[in-house]
Amino acid sequence: ANAVWGGVSIACVLMVSIYALGGISGANFNPAVTLSLALSEAAGGAGMDWKTAGMYMGVQTLAGMSAAASYSLLFWDTFNLSPAAGRGFLSAGACEFFYTFMLCFVVLNVA
């Protein structure tokens, strides 16, 4: 399997999810999106107040930890999350930063 297509498939699922659920939930899929919505509201735009955003981010973080624990208990296995072979943490971090920025940009302009 080509790793590029794995990333493209995730992007496509996120795009469809934003269009499908953005009008209902505001597309609050992770804490970064919630933070961008709070910053948008603080700057005078449409968004979310800080108290609500804090609660959302707390629940989203706990849900992620719960999902990781569920995976471990269900499959009795874990896996290491690290940059691909030949890549460093700086390039992986830059990639995550830009893709997260684009996700937040799309949510703010579509949802």
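Residues numbered from 1 in each chain as written. Predicted model: local features only at pLDDT ≥ 70, side-chain atom pairs only at ≥ 80, totals over all residues. Heavy atoms only, no water.

Trainee: Residues and numbers for the overall build of the chain, please.
Mentor: The secondary structure content of the chain amounts to four helices and zero strands. Helices and strands in the chain line up, N terminus first, as α-α-α-α. Projected onto its principal axes, the C-alpha coordinates of the chain cover approximately 45 × 30 × 30 Å. Taken over 111 residues, the chain has a buried fraction of 14%. When contacts within the chain are restricted to residue pairs at least 6 apart in sequence, long-range pairs at least 24 apart make up 45% of them. (Helix = DSSP H or I, 4+ residues; strand = E, 2+ residues; numbered from the N terminus. Buried < 20%, exposed > 50% of the residue type's maximum accessible area, 1.4 Å probe, protein only. Contact = heavy atoms within 4.5 Å.)

Trainee: Residues and numbers for the nonpolar core, please.
Mentor: If you look at the biggest cluster of nonpolar residues, it comprises eleven residues: Ile18, Ala27, Val33, Leu37, Ala38, Met48, Ala53, Met57, Leu103, Cys104 and Val107. Residue assignment for this core shows that the elements contributing at least two residues are helix H2 (31-42), helix H3 (50-75) and helix H4 (89-110). Apart from residues no more than four positions distant in its own chain, Leu103 is found in contact with Leu14, Ile18, Asn30 and Val33. (Core = buried A, V, L, I, M, F, W, Y, C linked by side-chain atoms within 4.5 Å.)

Trainee: Which residues make up the packing of H2 against H4, and what values go with them?
Mentor: Any two packed helices are characterised by the angle at which their axes cross and by the distance between the axes. Where H2 contacts H4, the axes come no closer than 9 Å and their chain directions differ by 50°. With respect to H4, the axis of H2 lies oblique. The chirality of how H2 crosses H4 is right-handed. Residues Ala32, Val33, Ser36, Leu37 and Ser40 of H2 form the contact with H4, whose participating residues are Thr100, Leu103, Cys104, Val107 and Leu108. Grouping the constituent residues of the contact of H2 with H4 by class yields seven nonpolar, three polar and no charged. (Axes fitted to C-alpha atoms, helices over the stretch in contact; angles between N-to-C directions. Parallel < 35°, antiparallel > 145°, perpendicular 65-115°, else oblique. Left-handed = near helix turned anticlockwise from the far one by under 90°. Nonpolar A, V, L, I, M, F, W, Y, C, P; charged D, E, K, R; others polar.)

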